[in-house]
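# Structural features, examined
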Amino acid sequence: QQQVKQSPQSLIVQKGGISIINCAYENTAFDYFPWYQQFPGKGPALLIAIRPDVSEKKEGRFTISFNKSAKQFSLHIMDSQPGDSATYFCAADHGGGYNKLIFGAGTRLAVHP
Amino acid sequence: DTGVSQDPRHKITKRGQNVTFRCDPISEHNRLYWYRQTLGQGPEFLTYFQNEAQLEKSRLLSDRFSAERPKGSFSTLEIQRTEQGDSAMYLCASSFPTSGTDTQYFGPGTRLTVL
């Protein structure tokens with residue numbers, strides 16, 4: 001119940017295309033779902049986050065879609081750019097008054113020019 | 001640079017040696033987290049401090065791992081009698097919860113290689 005399952009493991013998209021990364025969880029106590037972006041040699045950086053009281057959140061080219069009944073959420077990157085090439089991690093908050101994040105295994109995105 | 005800093009960035013050690021890593025959180029951040037990230041995986045939670053109090057350490061991988069935050073500012077993570085399986089990236093994150101949000105800001109990590 002503690003896992004967050006992420007797919008695909010890797011993704012290749014052409015410049016200008018849409019990148020879609022999916023995550024699923026089991027623990028219904030999770031109430032905070034962030035996405036992190038990580039470049040080689042760097043720590044993860046928060047990209048966008050959502051709580052289960054909304055079904056979608058958009059910030060610039062990045063959108064989270066959240067399906068509470070299916071216990072799934074996804075990241076959409078519109079107009080993907082080569083600079084978006086990185087590893088993306090979904091995560092979920094374990095709850096308990098602080099954010100003990102449970103991370104997915106990551107998706108390595110390559111955007112080709 | 002006012003982000004989370006970690007030192008050293010890289011550490012190579014021989015099996016059986018002790019190692020200590022340091023994390024300096026963003027100033028004023030009262031929460032500090034340690035995670036471990038192995039190749040091709042997401043970060044795995046290890047332990048958490050609120051100010052100087054270590055509020056959860058159940059995920060520390062064994063009794064060879066210990067962490068401190070003596071004055072509620074910087075933190076150290078020590079691994080005693082290192083094993084090859086300890087080779088990983090050790091990440092520190094800090095946060096200061098406001099208005100129902102608690103964004104964690106990660107440092108660049110310390111990459112440990114145990115020979």
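Our subject is the structure listed above.
Report follows, based on the coordinates. A quick note: this is a predicted structure, and the numbers were derived from the prediction, not measured. (Residues numbered from 1 in each chain as written. Chains lettered and ligands numbered in written order. Predicted model: local features only at pLDDT ≥ 70, side-chain atom pairs only at ≥ 80, totals over all residues. Heavy atoms only, no water.)

Size of an interface, as often reported, equals the accessible area lost when the parts are brought together. Counting residues at the interface gives 18 residues for chain A, matched by 22 residues for chain B. Interface area for chain A against chain B, summed over the two sides, is near 1,600 Å², with a carbon-plus-sulfur share of 49%. Inspection of the chain A/chain B interface yields 0 salt bridges. Linking chain A to chain B there are 4 residue pairs in polar contact (both at pLDDT 80 or more). (Contact = heavy atoms within 4.5 Å. Buried area = accessible area lost by both parts, 1.4 Å probe. Salt bridge = Lys/Arg side-chain N within 4 Å of Asp/Glu carboxyl O. Polar contact = N/O pair within 3.5 Å; in protein donor to acceptor, adjacent residues only side chain to side chain.)

Now for the sheet that holds strand 6 (residues 56-59) of chain A. Paired through their backbone hydrogen bonds, the strands of a sheet run either parallel or antiparallel. Residue and element names in this part refer to chain A. The strand order across the open sheet formed by 5 strands is 1-3-8-7-6, and the pairing between neighbours is antiparallel. Single-partner strands in this sheet number two, and they are strand 1 (4-7) and strand 6. Along the sheet, successive strands turn relative to each other by an average axial angle of 15 degrees, direction set aside. Of the strand pairs in this sheet, strand 3 (residues 19-25) and strand 8 (residues 72-77) are connected by 6 bridges, and their pairing is antiparallel. (Pairing = 2+ DSSP bridges. Helix = DSSP H or I, 4+ residues; strand = E, 2+ residues; numbered from the N terminus. Axes fitted to C-alpha atoms, helices over the stretch in contact; angles between N-to-C directions.)

A few words on the nonpolar core. Counting residues in each nonpolar core, the largest one holds 25 residues, and the members touching the most others are Val4, Phe33, Trp35, Phe73, Leu75 and Tyr88 of chain A. With 4 residues, strand 9 (residues 86-93) of chain A is the single largest residue contributor to this core. With residues up to four places along the chain from it excluded, the contact list for Phe33 of chain A reads Tyr25, Ile48, Ala49, Ile50, Pro52, Ile64, Phe66, Phe73, Ala91 and Ala92 of chain A. In this structure, Cys23, Leu77, Cys92 and Val114 of chain B belong to the second largest nonpolar core, which totals 19 residues. (Core = buried A, V, L, I, M, F, W, Y, C linked by side-chain atoms within 4.5 Å. Buried < 20%, exposed > 50% of the residue type's maximum accessible area, 1.4 Å probe, protein only.)

Any functional reading would require information that these geometric values do not contain.
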